[in-house]
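# Residue-level structural notes
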Amino acid sequence: MSKQIDIKDLDIFYGDFRAVDGVQMQIKPRSVTAFIGPSGCGKSTVLRTLNRMHEVIPGATVSGEVLMDGNDIYGAGVDPVNVRREVGMVFQRANPFPTMSIKENVLAGVRLNNKRLSKTEADDLTERALRGANLWNEVKDRLNLPGSGLSGGQQQRLCIARAIAVEPQVLLMDEPCSALDPISTLAIEDLINDLKDKYTVVIVTHNMQQAARVSDKTAFFNIAGTGKPGKLIEFNETSSIFSNPDKEETENYISGRFG
Ligand SMILES: Nc1ncnc2c1ncn2[C@@H]1O[C@H](COP(=O)(O)OP(=O)(O)O)[C@@H](O)[C@H]1O
Ligand SMILES: [Mg+2]
């Protein structure tokens, strides 16, 4: 199920502003890749191009290719809605639908895809997705209560359950732990480690320890100054990035000399 992602010569624009320049990257299936770098270097922007969420912003465009198992998601005739079904996304702020029950939150994405489910199918899928998000045991007795009653960390795992209920091949996460306490953060990090058995996971994090803990490979992005495009400086095994980076720029960043 998990897909390989090949990013080729990717330039990303907001109107005339070139926000990200010339990204090349190959992301293997069943792996976790972390995007790190200072604020504004384009981590979120690159992430959003991987499921065609970037172009939702008026004037936002890309050039280059993003191949999923060899097929360009920007190719002629590709429906972005299908891309987003295969490439799920979890955001910084957990955003369950507040008036919907826990169960309906899990099923929301599936229902959006106009899939009709019998009661048994809906129950099974709810359980499977909540188990997959390590949340089942905590919520199984209150599936019909509102999602907004959960703690922040539980809400974030509920959003992950919603994302995996549609059975994507790739999961994108943009700073999924930045609003969470340390215990909830560890729960999500454990979950990310489980998720890579099935999915290609790409996570943006401003927390370098987190990148070191959860990822197989790390991409370090940087920006030369305000108004300049972000660039991918180094992409390598996480252990190399943090112990023996190739580029001095990476070394300066991970040792805390800037950013
Ligand atoms: N919706 C937007 N419209 C215009 N410019 C944007 C938008 N989102 C981000 N940018 C710009 O793109 C650049 C990269 O931003 P972003 O991807 O959010 O960086 P990061 O996630 O690394 O902090 C920044 O210069 C930012 O101001
Ligand atoms: Mg960001």
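About the thresholds
The written sequence of each chain sets the order in which its residues are numbered from 1. Lettering of chains starts at A and numbering of ligands starts at 1, both following the order in which they are written. Where totals are concerned, whole chains, interfaces and linings use all residues; where local detail is concerned, this predicted model gives features only for residues with pLDDT of at least 70, and gives and counts side-chain atom pairs only at 80 or more. Strands are runs of DSSP state E lasting at least 2 residues, helices are runs of H or I lasting at least 4, and numbering of each runs from the N terminus. Radius of gyration: C-alpha atoms only; globule rule: 2.2 Å multiplied by the number of residues to the exponent 0.38. The exposure label follows from counting other C-beta atoms within 10 Å of a residue's C-beta, where the C-beta atoms are placed from the backbone and the thresholds are 20 or more for buried and 12 or fewer for exposed, leaving partly exposed in between. Here the expected length of a helix is defined as 1.5 Å per residue gap, with one fewer gap than residues. Two residues qualify as a contact pair if the distance between their C-beta atoms, derived from the backbone, is within 7 Å. Pairing between strands is defined by DSSP: at least two bridges between the two strands are required. Here, axes are lines fitted to C-alpha atoms. For helices the fit covers the stretch in contact, and angles between N-to-C directions go from 0 to 180 degrees. UniProt positions are given in the numbering used here, feature names are shortened, and annotations may be inferred rather than shown by experiment. Nearness here is judged by the C-beta atom: place it from the backbone, and if it falls within 6 Å of a molecule or strand, the residue counts as near that partner. The residue classification treats Ala, Val, Leu, Ile, Met, Phe, Trp, Tyr, Cys and Pro as nonpolar and Asp, Glu, Lys and Arg as charged. All others, Gly included, are polar. Comment: arc refers to directions from the helix axis out to C-beta atoms.

As annotated in an unreviewed UniProt entry, the protein carries the name Phosphate ABC transporter ATP-binding protein and comes from Brevibacterium linens.

### Focus: the overall build of the protein
Looking only at helices and strands, the protein features 10 helices and 10 strands. Computed over its C-alpha atoms, the radius of gyration of the protein comes to 18 Å, within 12% of the 18 Å expected for a compact globule of 259 residues. Referenced to the eigenvectors of the C-alpha coordinate spread, the extents of the protein come out at roughly 55 × 45 × 30 Å. Going through the 259 residues of the protein one by one, you find that 42% of them count as buried.

### Remarks on helix α7 (residues 182-195)
Along its 14 residues, α7 runs 20 Å from first to last C-alpha, staying within 8% of the 20 Å computed at 1.5 Å per residue. The inward-facing, buried residues of α7 contact β3 (32-36), α6 (152-165), β7 (170-174), β8 (200-204) and α8 (208-214).

### What about the sheet that holds β8?
Pairing in this open sheet of 10 strands is mixed, and the strands run β5-β4-β1-β2-β10-β9-β3-β8-β7-β6 from one edge to the other. Bordering the open sheet on either side are β5 (71-72) and β6 (87-90), each of which pairs with just one other strand. By the bridge criterion, five bridges tie β7 to β8 in an arrangement that is parallel. Looking at β8, one finds that Met-173 is bridged to Ile-203. Helix-sheet contacts for α6 involve β6 and β7, and the interaxial angle to β6 is about 170°.

### Considering the UniProt feature "domain: ABC transporter" (unreviewed entry) in the protein
As recorded in UniProt, the feature "domain: ABC transporter" (unreviewed entry) lies at residues 5-248. The annotated region residues 5-248 carries 35% helix and 27% strand content, and the separation between its end C-alpha atoms amounts to 27 Å.

### Thoughts on the site of ligand 1
Taken together, the residues surrounding ligand 1 are Tyr-14, Ala-19, Gly-37, Ser-39, Gly-40, Cys-41, Gly-42, Lys-43, Ser-44, Thr-45, Ile-57 and Gly-230. Broken down by element, the shell around ligand 1 gets its largest block of residues, three residues, from helix α1 (residues 43-49). In terms of residue class, the shell around ligand 1 is built from four nonpolar, seven polar and one charged.

### So, helix α4 (residues 119-132)
The end-to-end C-alpha distance of α4, which contains 14 residues, comes to 20 Å, matching closely the 20 Å that a straight helix rising 1.5 Å per residue would cover. Along α4, the residues that are buried comprise Leu-125, Thr-126, Ala-129, Leu-130 and Gly-132. Down the axis, α4 shows its buried residues gathered within 155° of arc, on one side only. Opposite its buried face, α4 presents the exposed residues Thr-120 and Asp-124, each directed more than 90 degrees away. In this structure, the buried side of α4 is in contact with α3 (102-112), α5 (136-139) and α6. Among the residues trailing α4, Asn-134 stands out with phi positive, at a value near 55°.

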